[in-house]
Amino acid sequence: MSKSTISDVVTKGDIQGPSSSTKSSSHEYNSHSQSTELVQGKPKRSWRSYVWDTLDKSPEERRFLFKLDAVILTLASLGYFIKYLDQVNITNAFVSGMKEDLKLFGNELNYMQTCWTVGYVIGEIPSNLLLTRVRPSIWIPAFEVVWAILTILLAKCKTTTQVYVLRFFIGLAESVFYPGMQYIIGSWYRKDELAKRSCIFHASGAIGTMFSGYLMAAVHKNLAGVGGFKGWQWLFIIDTVISLPIAISGFFLMPDLPEITKAWYFSADEIALAKERMRLEGRATRAPYTKAKFKKIFSSWHIYLLTALYIFFNNGNGASGQPAFQLWLKSKGHSITEINTYPTITAAITVITTLIYAWTSDTVFRGARWPPIVFSGLVDIVIYSSLAAWNIPDGWKWACFLLAGFGGGISGLTFAWAHEICGEDNEERALVTGTMNEMAYVIQAWLPLLIWQQVEAPVYHKGYMTSIFIAVAMIITAFLIRFLHHKERAKKLIAEEQNA
């Protein structure tokens, strides 16, 4: 091994040292460990990394990452799947009989969504701050169980007030999950791994949206009237049946964070390996909250620009976030089955583009997060300019509603970027990622009431026009973050050279 290679590699002996239980074979063990590359200071890149990033790593690290992926990606993806299933089911129920049964002929759907958003907003930042002090394996699954139980109660609602109250508390319970899981993902994965995992996690939300549409179509066809429940009521019941087992499994499988994990499926060597990976990445461990820390966080551009970027993403894709496509289909006289299933094509496009964005960001763009973000913004400008005109051929209108999926896949990249920019301060990372998600939903709590009013469907001229300006703002913000981050890293390198 060359001198430069040795300095770029951490071996098993570097991480663990001799174990008291294996003293008799420590010499043989350490000799073998010196020739075994466990963690590379700078991950190798070959053509295999373009397929999957673990293929260029040591067997020990691959085995560890296989376990980590199996647990975190499964829990994150299934959890986000049920979160989105329980979040978007109100729209599917609304267009499938709930509107007529509960006489919701005004802006009640907007108010239901706003109640959910208000609850979601209230819980996010406190939850993410508490995650730096409370075990995620207790905190996150507990709230998953709560929202699953509250969802089934929607089936018994007789008045809009009951729906409003339940939607508020469902939003409050769900506020724990997405920023919390993004924080956990950022605590285990390195830069060359982060975007793919974050985006796979995010893509599961789009799959939840798709499944909710198919589920509503199947329920309306096969269960409407069974047991005295309407089809839309059965949707809430089945959502809870699906959600509860997934939520409960988190108590036994969630790995917490590397420095406090007690996961039964990791060996002591693998936990040491996890800690070393984060040390090499410059990812800080937990530290006390102090006045100086808060001052540092709020005097930095990180929290403001990263939050603005996520606000623009989250509120600039209304054609898929609002029931615009469904209500246009309904105005065209399509059946309930078609109204619930055709929009799932948009969600499928979101899943595909999310994964493309992740792989290209980690490989082709060498870890740069801004190119896919800018591309999605440009696609949004084309789509929403067309929909704002409205008097366009129906074929192009179909294309616009479907291609809106291109704008929904960059959430994971924005969080991956935040983990990297804020990696040197664990509490800043938790606060920034929580604030990003929270402030995006603060805007979402009132903006749809102004630009996506139900009574203006399906034209939504104000909504489409606003989305154009939001896309432009997102592109500008992405370039500004890139400039400031490059400047910050250059300043840090100069300081390190002077200290050396």
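Residues numbered from 1 in each chain as written. Predicted model: local features only at pLDDT ≥ 70, side-chain atom pairs only at ≥ 80, totals over all residues. Heavy atoms only, no water.

Enquirer: What's the story with the overall build of the chain in this structure? I'm lost.
Expert: In terms of regular secondary structure, the chain is built from 22 helices and two strands. Here the chain holds 500 residues, and the buried ones make up 57% of them. For the chain, the share of sequence-separated contacts (at least 6 apart) that also reach a separation of at least 24 residues comes to 80%. (Helix = DSSP H or I, 4+ residues; strand = E, 2+ residues; numbered from the N terminus. Buried < 20%, exposed > 50% of the residue type's maximum accessible area, 1.4 Å probe, protein only. Contact = heavy atoms within 4.5 Å.)

Enquirer: Looking at this model, I keep getting lost on a nonpolar patch on the surface. Mind explaining?
Expert: Taken together, the side chains of I138, I248, F251 and F252 present a nonpolar region at the surface, about 410 Å² in accessible area. The element best represented in the nonpolar patch is helix α10 (residues 231-253), accounting for three residues. When you line up the elements, F251 lands in helix α10. (Patch = residues over 30% accessible without salt bridge, like charges linked within 9 Å, V, L, I, M, F, W, Y side chains within 5 Å. Areas by Shrake-Rupley, 256 points an atom, 1.4 Å probe, with all protein chains shown as cover. Salt bridge = Lys/Arg side-chain N within 4 Å of Asp/Glu carboxyl O.)

Enquirer: Quick question: what am I supposed to make of the pattern of salt bridges here?
Expert: Here the idea is simple: oppositely charged side chains can pair when their charged atoms come close. Within this structure, the stated rule accounts for 22 salt bridges. The shortest N-O distance in the salt bridge between E281 and R190 comes to 2.8 Å. On the criterion of sequence distance, the pair formed by E281 in helix α11 (residues 268-281) and R190 in the loop between α8 (177-186) and α9 (191-222) is long-range, its members being 91 residues apart. The exposure class assigned to E281 is partly exposed, which follows from its relative accessible area of 24%. Under the relative-accessibility criterion, R190 is labelled buried at 2%.

Enquirer: Can you walk me through the environment of S49 in this structure?
Expert: As for its position among the elements, S49 is in the loop between β2 (37-40) and α4 (59-101). Sequence spacing of S49 and T363 is 314 residues, and the spatial spacing of their C-alpha atoms is 7.4 Å.

Enquirer: What exactly am I supposed to notice about the confidence of the model for the chain here?
Expert: One rule of thumb: low pLDDT means the predicted coordinates there are not for detailed reading. Of the residues in the chain, 89% reach a pLDDT of 70 or more, and the chain-wide mean stands at 83. Below a pLDDT of 50 lies the segment residues 1-36, which in the model reaches 41 contacts outside its immediate sequence neighbourhood of four places, other chains included. (pLDDT = per-residue confidence, 0-100.)

Enquirer: I keep staring at the side chain of S137 and nothing clicks. Help me out?
Expert: Within the secondary structure layout, S137 lies in helix α6 (residues 136-153). Sequence-distant contacts of S137, defined by excluding residues within four places in its chain, comprise G250, F251, M254 and D256.

Enquirer: Whenever I open this one, unusual backbone geometry confuses me. Can you help?
Expert: Peptide bonds are trans in most cases, and residues, glycine excluded, mostly fall at negative phi. With a phi close to 55°, R366 is a non-glycine residue in the positive phi region. Along the chain, the position of R366 falls in the loop between α17 (344-362) and α18 (370-389). One non-glycine residue, Y460, lies in positive phi territory at about 50°. Accessibility expressed as a relative area gives 2% for Y460, which makes it buried.

Enquirer: Any chance you could explain the packing of α6 against helix α7 (residues 160-174) here in plain terms?
Expert: Geometry of a packed helix pair, given as the angle between the helix axes and the separation of the axes. One can describe the packing of α6 onto α7 by two numbers: an axis separation of 8 Å at closest approach and a directional angle of 160°. For the element pair α6 / α7, the angle class is roughly antiparallel. As α6 runs across α7, the sense of the crossing is left-handed. Facing α6, whose interface residues are F143, V146, W147, L150, T151 and L153, α7 presents L166, F169, I170, A173 and E174. By residue class, the composition of the contact of α6 with α7 is nine nonpolar, one polar and one charged. (Axes fitted to C-alpha atoms, helices over the stretch in contact; angles between N-to-C directions. Parallel < 35°, antiparallel > 145°, perpendicular 65-115°, else oblique. Left-handed = near helix turned anticlockwise from the far one by under 90°. Nonpolar A, V, L, I, M, F, W, Y, C, P; charged D, E, K, R; others polar.)

Enquirer: What is the right way to read the packing of aromatic side chains from this model?
Expert: Working definition: an aromatic ring pair is given by the centre-to-centre distance plus the angle between the planes. If you walk through the whole model with that rule in mind, you get 33 aromatic pairs. Residues W264 and Y265 carry aromatic rings whose centres are separated by 5.2 Å and whose planes lie at 80° to one another, so their mutual orientation is edge-to-face. A relative accessible area of 63% means that W264 is categorised as exposed. You can call Y265 buried: its relative accessible area is 11%. Through successive ring pairs, a cluster of aromatic residues spans Y80, W147, F177, Y178, F201, Y310, F313 and F415. Between K196 and the ring centre of W359, over which it is positioned, the NZ or CZ distance is 5.8 Å. (Phe/Tyr/Trp six-rings, centres within 6.5 Å; stacked < 30°, edge-to-face > 60°. Lys NZ or Arg CZ within 6 Å of the ring centre and 35° of its normal.)

Enquirer: How should the side chain of K293 be read in this particular structure?
Expert: Residue position: K293 is located in helix α12 (residues 291-298). For K293, the contacting residues outside a window of four places in its chain are A287, P288, D425 and E427.

Enquirer: Which parts of the structure should I look at to understand helix α15 (residues 324-331)?
Expert: Along an α-helix, a turn takes 3.6 residues, which lines up residues three or four apart on a common side. Burial runs high along α15: six of the eight residues are buried. Listed in full, the buried residues belonging to α15 are A324, F325, Q326, L327, W328 and L329. Following α15 by one or two positions, G333 has its phi on the positive side, about 85°.

Enquirer: I tried to follow the packing of helix α13 (residues 302-315) against helix α21 (residues 426-451) on my own but got confused; where do I start?
Expert: Look at α13 against α21: their axes get within 8 Å of each other, and the N-to-C directions meet at 40°. The orientation of α13 with respect to α21, classified from their angle, is oblique. In this structure, α13 crosses over α21, and the sense of that crossing is right-handed. Residues H302, I303, L306, T307, Y310, I311, N314 and N315 of α13 pack against E428, L431, V432, T435, M436, N437, M439, A440, Y441, I443, Q444 and L447 of α21.

Enquirer: Honestly, the environment of S320 in this entry has me stumped. Any pointers?
Expert: Relative to the elements of secondary structure, S320 occurs in helix α14 (residues 318-321). Counting along the chain gives 27 residues from S320 to A347, while the straight-line C-alpha distance between them is 8.0 Å. Apart from the residues within four sequence positions on either side, S320 is in contact with T346 and A404.

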